[in-house]
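# Summary of structural features
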Amino acid sequence: MKMITSSALIIAIALLSAPISAETDATVDLQDEETVDQETVAEEAVVEASEAVPAAPPTTEEIAGGMCAGCHSADGNSIIPINPSLAGQHAGYLTKQLMDFQSVDGETAKRNSAVMTAMVAALTKENMQELGDYYARQEVNHTATSEADEEVIAAGKILYHGGNLDSNVPACASCHGPTGSGLPPHYPGLAGQHAAYTLTQLELFNKGERANDNGVMQKVLSRMNALEKKAVSEYISTMR
Ligand code: HEC
Ligand code: HEC
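Just so it is clear, the structure is predicted and the values come from calculations on it, not from any experiment.

## With respect to the overall build of the chain
A tally of helices and strands in the chain yields ten helices and zero strands. Residue burial in the chain is summarised as follows: out of 240 residues, 26% are buried. Look at the contacts in the chain between residues 6 or more apart in sequence, and 66% of them connect residues 24 or more apart.

## Quick notes on helix α8 (residues 195-207)
Structural remark: α-helix, 3.6 residues per turn; residues separated by three or four positions point the same way. Between its first and last C-alpha atoms α8 spans 18 Å; for 13 residues at 1.5 Å apiece the expected length is 18 Å, and the two agree. Within α8, burial applies to A195, Y197, T198, L199, Q201, L202 and F205. Here the buried face of α8 lies against α9 (216-221) and α10 (226-238). Backbone geometry just downstream of α8 places G208 in the positive-phi region, at approximately 75°.

## So, the nonpolar core
If you look at the biggest cluster of nonpolar residues, it comprises 16 residues, and the most contacted ones within it are Y160, V232, Y235 and I236. Elements represented by at least two residues in this core include exactly α6 (150-162), α8 and α10. Sequence-distant contacts of V232, defined by excluding residues within four places in its chain, comprise G156, L159, Y160 and C172. Counting 14 residues, the second largest nonpolar core, distinct from the first, contains C68, A87, L98 and A136.

## A word on the packing of helix α3 (residues 91-101) against helix α5 (residues 125-136)
Describing two packed helices takes the angle between their axes plus the distance from one axis to the other. Contact geometry for α3 and α5: axes closest at 8 Å, N-to-C directions at 140°. Classified by the angle between their axes, α3 and α5 sit oblique to one another. The interaxial crossing formed by α3 with α5 has right-handed handedness. Residue-level inspection shows A91, G92, L94, T95, L98 and M99 of α3 in contact with α5, the latter providing M128, Q129, L131, G132, D133, Y135 and A136.

## Let's talk about the environment of Q218
For Q218, the position within the fold is in helix α9. Other than its neighbours up to four places away in sequence, Q218 contacts F205, G208, A211 and D213.

## Comments concerning the site of ligand 2
Near ligand 2, the surroundings consist of 21 residues, among which P170, C172, C175, Q201 and D213 are the closest. Contributing elements (two or more residues each) for the shell around ligand 2: α7 (173-176), α8 and α9.

Thresholds, definitions, all that
- Residues numbered from 1 in each chain as written.
- Chains lettered and ligands numbered in written order.
- Predicted model: local features only at pLDDT ≥ 70, side-chain atom pairs only at ≥ 80, totals over all residues.
- Helix = DSSP H or I, 4+ residues; strand = E, 2+ residues; numbered from the N terminus.
- Buried ≥ 20, exposed ≤ 12 C-beta atoms within 10 Å, placed from the backbone.
- Contact = placed C-beta atoms within 7 Å.
- Expected span 1.5 Å × (residues − 1).
- Core = buried A, V, L, I, M, F, W, Y, C linked by C-beta atoms within 7 Å.
- Axes fitted to C-alpha atoms, helices over the stretch in contact; angles between N-to-C directions.
- Parallel < 35°, antiparallel > 145°, perpendicular 65-115°, else oblique.
- Left-handed = near helix turned anticlockwise from the far one by under 90°.
- Near = placed C-beta within 6 Å.

This is a description of form; function is not addressed.
Shown next as structure tokens:
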């Protein structure tokens, strides 16, 4: 009994394995054919591509209207408060920021932002200069609004123009100008920027996570308290 069962098993295995190996061969054949097909297609594509006129590099308008528009709007008047408006900002400042976002030889970029570092990865220095010029010449639409209380905005106004003598916070106006228009090339314009973006930058300077300012803003921030940061950010968003 036992013998019969085991020989029956052996036969069954032999029968079963025969079609399996045949199937495997068939699969291999199929794959070979597919590989050949793909190779032919790829070769044809290469031939076609080399015959075609190479694609022209994208223009500045195409980059701004394509890659950047979803977050900053095509004309640089951002409608999303965490993304900065770029319209009307000084060209030299913008170009410096783009260069600072770029990671060189895999090193952490001078200005650390995962999003922006990815955005500028493939840009040339010329692209960055032209993008700076492009946004600088766009008309400012003042897309920011403030929902803060009047007292908060008023406190921000006092700090912006006069600083805080008790804690040695300098007047923002001394570098960014009484109207918030900045002073090219080093001092960016701030007027009308989204409060959420400005506050984030003040926090980043404070924590040393934005450190592309030669320590200037970091020093200012080391003297500011949370209320001052909030108030001045709200006031800046109302400046015209
Ligand atoms: C996915 C959203 C997103 C896209 C797309 C994007 N940005 Fe930004 N951009 C941001 C954010 C967020 C910041 C603020 C980064 C930070 O400091 O944390 C920023 C900051 C900047 C700044 C600095 C502004 C300042 O006032 O210092 C410039 C300049 C800039 N972006 C240009 C561009 C350009 C040019 C492109 C297209 C090549 C682009 N961005 C694409 C989200 C985006
Ligand atoms: C001594 C000069 C000086 C003073 C005073 C000063 N700033 Fe600045 N600020 C700078 C410089 C320079 C930069 C640009 C740093 C860089 O190149 O990235 C800057 C950048 C900024 C930015 C980033 C702008 C952007 O688009 O990302 C903000 C926000 C800002 N300052 C707010 C303030 C506020 C608010 C005050 C007052 C409490 C102030 N600053 C006082 C010199 C100054």
